[in-house]
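Listed below, chain by chain, are the residues.
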Amino acid sequence: MKKSKSSHQWLKNHEDDEYVKRARAEGYRSRASYKLLEIDARFNLLKPGATVIDLGAAPGGWCQVVIEKIGSQGTLIGIDLLEMEPIPGVTFIQGDFTEAEPFEQLLASLDGRPVDLVFSDMAPNLSGVKNIDQPRAAHLVELSIDFADQVLRPGGGLVCKCFEGDGIQEIRQQYRARYGAVVNFKPKASRDKSRELYLVGQSFSGKSVSRIENR
Ligand code: SAM
């Protein structure tokens, strides 16, 4: 009884949500598109012809925005655990980014091409238990930082969804060791009560931390 009442309330909140309505009217697959539109309006990341990786891409709201901005000369590769309806111009890999095979597939799709931007909107399935969810989310960000170390061109950028809480300071330090400019950004489209924020790193130094530590 309690559960059906709360799922009814969730559905009502969802239906009343300004960004859900806008996404339907404007043809975006998810309200998440507006988060990326805000990030890009503030940081001016997406340029025609860019090469972009979208980690946690389904259902495709960010991919739609990226493709609009990078155009037909750009390259976009997305990965997600879930299926995604095809989007023209997007190479999609269905698999777990934390596992070796999909990860290798992602690298193979790049074929050595230097990447301008790595985006991660990945979020683990939430258990509701903070001590479990927070480290899982932080782990996905750390793997995204490592991946960006391997593929980004010097000067490139990394945007990751993070959650305020344990581990976030360490993640900020990892960003600062690699990126010339690091900003915490909470888009208006991100729900107020959510601890979600995006860490935006620009001007990648081109040096992974192991190389920095060995200097
Ligand atoms: N940015 C997307 C959009 O605009 O439509 C929404 C992304 S949704 C908030 C988070 C996604 O991360 C989910 O689709 C989930 O399946 C994916 N995800 C979580 N862990 C993952 C993993 N280990 N590998 C690949 N995808 C993952």
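All of these numbers come straight from a predicted model, not from anything done at the bench.

Chemist: Can you walk me through the UniProt feature "domain: Ribosomal RNA methyltransferase FtsJ" (unreviewed entry) in the protein in this structure?
Modeler: This chain's UniProt record puts "domain: Ribosomal RNA methyltransferase FtsJ" (unreviewed entry) on residues 28-204. Secondary structure over residues 28-204 splits into 36% helix and 28% strand, and the C-alpha atoms at its two ends are 30 Å apart.

Chemist: What exactly am I supposed to notice about helix 3 (residues 32-43) here?
Modeler: Owing to its 3.6 residues per turn, the α-helix brings residues three or four apart onto one side. Its twelve residues give helix 3 an end-to-end C-alpha distance of 17 Å, which sits within 8% of 16 Å, the value for a rise of 1.5 Å per residue. Burial within helix 3 is extensive, with nine of its twelve residues counted as buried. Turning to helix 3, its buried residues number three or more, namely Ala32, Ser33, Tyr34, Lys35, Leu36, Glu38, Ile39, Asp40 and Phe43. Where helix 3 ends, the next residue or the one after it, Asn44, has phi of about 55 degrees, a positive value.

Chemist: Please clarify how the UniProt feature "binding site: S-adenosyl-L-methionine" (unreviewed entry) in the protein should be interpreted in this entry.
Modeler: Residues annotated by UniProt as "binding site: S-adenosyl-L-methionine" (unreviewed entry) correspond here to Gly60, Trp62, Asp80, Asp96 and Asp121. Mapped onto the fold, Trp62 is located in helix 4 (residues 61-70). Beyond its immediate stretch of four places on either side in the chain, Trp62 contacts Ala32, Ser33, Leu36, Ile39, Asp54, Phe119, Asp121 and Tyr198. Reaching out from Trp62, the side chain makes a polar contact with the backbone oxygen of Ala32 at a distance of 3.1 Å. Assignment of secondary structure puts Asp96 in the loop between strand 3 (90-94) and helix 5 (100-110). A distance of 2.7 Å separates the side chain of Asp96 from the side chain of Thr98, its partner in a polar contact.

What counts and how
Residues numbered from 1 in each chain as written. Predicted model: local features only at pLDDT ≥ 70, side-chain atom pairs only at ≥ 80, totals over all residues. Heavy atoms only, no water. UniProt positions renumbered as here; feature names shortened; annotations may be inferred. Helix = DSSP H or I, 4+ residues; strand = E, 2+ residues; numbered from the N terminus. Expected span 1.5 Å × (residues − 1). Buried < 20%, exposed > 50% of the residue type's maximum accessible area, 1.4 Å probe, protein only. Contact = heavy atoms within 4.5 Å. Polar contact = N/O pair within 3.5 Å; in protein donor to acceptor, adjacent residues only side chain to side chain.

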